[in-house]
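# A look at the structure
The primary structure of each chain is shown beneath.
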Amino acid sequence: MVEIINKVNRENLESLLENKGQNEVGEAMLFFANQVPKIKTIEDLKTLDKLFYSYFKSDKHTKKFACTSEEIFERKTFSGCSDIGLAISAILRMKGIPTIYMESAKIEWIGYVQANDERQECMQGHIFLEIYLNHKWYLYDPTFRVLYDNYDYTNLFLPRGFYVFAKTLNCHEIGVHSVADEKKISIEVVKDFDISIYKEPNYSVVDLRNPNEGI
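Computed from a predicted model, the values in this text were never measured in an experiment. (Residues numbered from 1 in each chain as written. Predicted model: local features only at pLDDT ≥ 70, side-chain atom pairs only at ≥ 80, totals over all residues. Heavy atoms only, no water.)

### Quick word on the nonpolar core
Keep this limit in mind: Take the buried residues of types Ala, Val, Leu, Ile, Met, Phe, Trp, Tyr and Cys, join any two whose side-chain atoms come within 4.5 Å, and each joined set is a nonpolar core. Note on exposure labels: buried denotes an accessible area under 20% of the residue type's maximum, exposed denotes more than 50%, and partly exposed covers the range between, all computed with a 1.4 Å probe on protein chains only. Secondary structure elements follow DSSP: runs of H or I of four or more residues count as helices, runs of E of two or more count as strands, with numbering from the N terminus.
Within the largest apolar cluster, 74 residues are counted, with the highest numbers of intra-cluster contacts made by Leu92 and Tyr163. Among the elements that make up this core, the one with the highest residue count is helix α4 (residues 81–94) (eight residues).

### Regarding the packing of aromatic side chains
The geometry of an aromatic ring pair comes down to the distance between the two centres and the angle between the two planes. To be explicit about the condition: Working definition: a ring pair exists when centres of Phe, Tyr or Trp rings (six-membered ring for Trp) sit within 6.5 Å. Plane angles under 30 degrees give stacked, over 60 give edge-to-face, the rest tilted. Any Lys NZ or Arg CZ that is within 6 Å of a ring centre and within 35 degrees of that ring's normal is treated as a charge sitting over the ring.
Applying the stated criterion to the full structure yields 20 aromatic pairs. Ring plane angle 45° and centroid distance 6.2 Å describe the contact between Phe157 and Tyr163, whose orientation is recorded as tilted. Joined through ring pairs, the aromatic side chains of Phe32, Phe52, Tyr53, Tyr55, Phe56, Phe73 and Phe78 make up one cluster. We note Arg145 situated over the ring of Tyr53; from NZ or CZ to the ring centre the distance is 4.1 Å.

### Things to note about the packing of helix α5 (residues 107–114) against helix α6 (residues 179–190)
Counted only if it meets this: Here an angle of 0 to 180 degrees is reported between the N-to-C directions of two axes, which are lines fitted to C-alpha atoms, with helices fitted over the stretch in contact. Orientation is classified from the angle alone, with under 35 degrees giving roughly parallel, over 145 giving roughly antiparallel, 65 to 115 giving roughly perpendicular, and any other angle giving oblique. For this analysis, residues touch if any pair of their heavy atoms sits within 4.5 Å. As a working rule, the residues Ala, Val, Leu, Ile, Met, Phe, Trp, Tyr, Cys and Pro are called nonpolar, Asp, Glu, Lys and Arg charged, and the rest polar, with Gly in that last group.
The N-to-C vectors of α5 and α6 enclose an angle of 80°; their axes lie 11 Å apart at closest approach. Viewed along their axes, α5 and α6 adopt a mutual orientation that is roughly perpendicular. Between α5 and α6, the residues in contact are Trp109, Ile110, Val113 and Gln114 and Lys183, Ser186, Ile187 and Val190, respectively. Looking at the contact of α5 with α6 residue by residue, the class counts come to five nonpolar, two polar and one charged.

### With respect to the pattern of salt bridges
Keep this limit in mind: Salt bridge criterion: a side-chain nitrogen from Lys or Arg within 4 Å of a carboxyl oxygen from Asp or Glu.
Counted under the stated rule, the structure contains twelve salt bridges. Between Arg75 and Asp83 there is a salt bridge; the shortest N-O distance is 2.6 Å. The residue Lys191 makes a salt bridge to Glu188 at a minimum N-O spacing of 3.3 Å. Salt bridges sharing common partners tie together Arg10, Glu130 and Lys167.

### Digging into the packing of helix α2 (residues 42–55) against α4
The following threshold applies: We call a crossing left-handed when the near helix sits turned anticlockwise from the far one by less than a right angle, and right-handed when that turn is clockwise.
In the contact formed by α2 and α4, the axes pass within 12 Å of each other and the chain directions differ by 130°. On the basis of their axis angle, the class for α2 and α4 is oblique. Seen along the crossing, α2 lies across α4 with a hand that is right-handed. Counting all contacts with α2, which are made through Leu45, Leu48, Phe52 and Tyr53, the residues of α4 involved are Ile84, Ala87, Ile88, Ile91 and Leu92. When grouped by side-chain class, the residues that make up the contact of α2 with α4 number nine nonpolar, no polar and no charged.

### Some words on unusual backbone geometry
Of note in the backbone geometry, Phe65 takes a positive phi value of approximately 75° without being a glycine. Take Phe65: it is sitting in the loop between β2 (57–58) and α3 (69–75). Positive phi values are uncommon outside glycine, yet Asn116 reaches one of about 55°. Along the chain, Asn116 turns up in the loop between α5 and β5 (125–133).

### Digging into the pairing of strand β9 (residues 162–168)
Selection rule: Two strands are said to pair when DSSP picks up at least two bridges between them.
Counting buried residues in β9 gives seven out of seven residues, a clear majority hidden from the surface. Summarising the sheet, strand β1 (residues 5–6) and β9 pair through two bridges and their orientation is parallel. Paired with Ile5 across the two strands is Ala166, which belongs to β9. Judged from the six bridges that link them, strand β4 (residues 99–106) and β9 form a sheet pairing that is antiparallel. From the neighbouring strand, Glu103 faces β9, where its bridge partner is Ala166. By the bridge criterion, two bridges tie strand β8 (residues 157–158) to β9 in an arrangement that is antiparallel. In the sheet register, Leu158 faces β9, and the bridge partner there is Phe162. Turn length for the β8-β9 hairpin, with the two strands adjacent in sequence and antiparallel, is three residues, and the turn residue Arg160 shows positive phi of about 65°.

Written as structure tokens, this is what we have:
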């Protein structure tokens with residue numbers, strides 16, 4: 001395994017409730033957070049998911065990684081997984097849920113990087129979250145709206161062929177302000193990773209859009 005960028009202290013849960021810098025709380029975030037009930041169960045997380053996707057619209061023209069959480073809530077649009085992860089992670093922390101923002105790269109794309117294939121030009125990454133709920137860690141994909149149980153946070157292999165290259169509170173904390181930044185930083189981490197050892201994790205999946213499905 002290569003050494004990833006790690007900006008979080010999992011043993012200090014209070015530090016994972018801090019919304020600072022790119023996550024700094026503003027009026028628009030407070031307005032939304034006040035509509036969200038306390039999050040104590042998976043059902044409460046489903047409520048947050050439903051509120052979020054009824055509140056926001058997708059806008060692919062917005063620059064990825066550039067905005068703050070407050071700016072995302074002010075405009076009520078998201079560009080993709082980076083904005084979604086940034087916005088929801090901030091709200092989770094406001095609701096008392098320790099949350100880690102994770103940057104990952106697609107195994108297939110890492111192969112292009114290592115082979116110096118021209119297809120490496122189009123970065124293939126995704127944002128996941130780690131959340132601490134009811135004294136256990138879950139893997140959360142707020143873009144695909146699923147929660148993974150029996151999650152092993154020491155395993156850097158993620159579902160659907162992704163590999164973690166950074167764990168942080170937000171992307172600005174590791175110097176990512178654009179897609180170009182994300183690509184440059186991720187390449188430095190994954191260029192020596194042995195992609196042959198990747199193994200799809202066997203996690204239980206909960207669809208947060210399904211009111212009848214739970215853990």
